Amino acid sequence: MTPHINAKPGDFAELLLFPGDPLRAKYIADTFLEDAVEVTNVRNMLGFTGTWNGHRVSVMGHGMGVPSISIYAEELIRDYGVKTLIRVGSCGGVAEDLSLRDVVVATGAGTASLTNRTRFAGYDYPAVADFDLAMACQQQAQRLGMAARFGTVFTNDLFYGSDPALLPALQKMKVLAVEMEASALYAIAAEHGVRALTILTVSDHLLKSEETTAEERQKSFGDMVELALATAVQPV
Ligand code: HPA
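Residues numbered from 1 in each chain as written. Predicted model: local features only at pLDDT ≥ 70, side-chain atom pairs only at ≥ 80, totals over all residues. Heavy atoms only, no water.

Undergrad: What am I meant to see in the pattern of salt bridges here?
TA: Oppositely charged side chains are able to pair whenever their charged atoms sit close together. Enumeration according to the criterion identifies 11 salt bridges in this entry. Residue Arg-87 is joined to Glu-181 by a salt bridge in which the shortest nitrogen-to-oxygen separation is 3.0 Å. Linking Arg-87 in strand β5 (residues 84-93) with Glu-181 in the loop between β8 (177-179) and α6 (182-192), this pair joins segments that are 94 residues apart in sequence. Owing to a relative accessible area of 5%, Glu-181 belongs among the buried residues under this scheme. One network of salt bridges, with partners in common, ties together Glu-74, Arg-78 and Asp-79. (Salt bridge = Lys/Arg side-chain N within 4 Å of Asp/Glu carboxyl O. Helix = DSSP H or I, 4+ residues; strand = E, 2+ residues; numbered from the N terminus. Buried < 20%, exposed > 50% of the residue type's maximum accessible area, 1.4 Å probe, protein only.)

Undergrad: Which parts of the structure should I look at to understand the nonpolar core?
TA: Soluble globular proteins tend to bury their nonpolar side chains together. In terms of nonpolar packing, the biggest core is built from 71 residues, with Phe-12, Phe-18, Leu-85, Ile-86, Leu-197 and Ile-199 touching the most fellow members. For this core, the element with the highest residue contribution is helix α7 (residues 214-233), accounting for nine residues. Grouped together as the second largest cluster of nonpolar side chains are six residues, Val-94, Phe-154, Leu-170 and Val-178 included. (Core = buried A, V, L, I, M, F, W, Y, C linked by side-chain atoms within 4.5 Å.)

Undergrad: When you look at the pairing of strand β4 (residues 55-60) in this model, what are you seeing that I'm missing?
TA: Successive side chains on a regular strand alternate, one facing one side of the sheet and the next facing the other. The pairing of strand β1 (residues 15-19) with β4 spans three bridges and is classified as parallel. The residue of β4 that forms the bridge with Leu-16 is Ser-58. Alignment of strand β3 (residues 47-52) against β4, held across six bridges, turns out to be antiparallel. Note that in β4 the partner of Gly-47 across the bridge is Met-60. (Pairing = 2+ DSSP bridges.)

Undergrad: Where do I start with the packing of helix α2 (residues 66-80) against α6 in this structure?
TA: Two quantities define a packed helix pair, namely the angle between the helix axes and the distance between the axes. At a minimum axis separation of 9 Å, α2 and α6 run at an interaxial angle of 25°. Classed by the angle they form, the pair α2 and α6 counts as roughly parallel. Where α2 crosses over α6, the two elements pack in a sense that is right-handed. Seen from α2, the contacting residues are Val-66, Ile-69, Ser-70, Ala-73, Glu-74, Ile-77 and Arg-78; seen from α6, they are Ala-184, Leu-185, Ile-188, Ala-189 and His-192. Partitioning the contact of α2 with α6 into residue classes produces eight nonpolar, two polar and two charged. (Axes fitted to C-alpha atoms, helices over the stretch in contact; angles between N-to-C directions. Parallel < 35°, antiparallel > 145°, perpendicular 65-115°, else oblique. Left-handed = near helix turned anticlockwise from the far one by under 90°. Contact = heavy atoms within 4.5 Å. Nonpolar A, V, L, I, M, F, W, Y, C, P; charged D, E, K, R; others polar.)

Shown next, in the form of structure tokens:
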């Protein structure tokens, strides 16, 4: 056990899907995995292990923001031997040609968080996705006939009240979207020599006022989970 996970050694698979919301973790386990069992529930941050197409797979919530995902990622990798972590989450669109429900794959992530600088002697750490996983994801998206945009995202600390200069800078540098965890996940995975990827659906757009129905959001979430599972199990 760790301070934040009450699973037994061996309870987690080496492949893990990582949604922010623990109830999304339960939904993924109930809907996509076979023989899924709950393996952890400290603070209601639920985790499950089951199988998908014969492969052992776990799914666990990581909460919101860099501090939260940093705790769970570190303990899952260090204490439970997780080797592949695929965050499945939502993002705010920045690129003009992104629409709600589009899938964005974060090949790299800048950040407002100081945690990567703390890890990296005060310098800018190059927080990038695992290259093989990103390639596998592109192949699987093509196979599944799913349009996915590959590019950079920005991991913000503030959901409300960001610096007004941020949005023009993101646009200038062609950053696709904002979210709140990818840069930390990539740095922690790199430090421990394991693989990480972040797949997102656009839940809102910073420049457009569009709305989605709950049904549409569920469908795009399901498509993203299919893509993440296919990517996770593809041998590299
Ligand atoms: N900002 C940060 N994270 C997000 C957003 C956003 O607008 N939308 C979904 N996740």
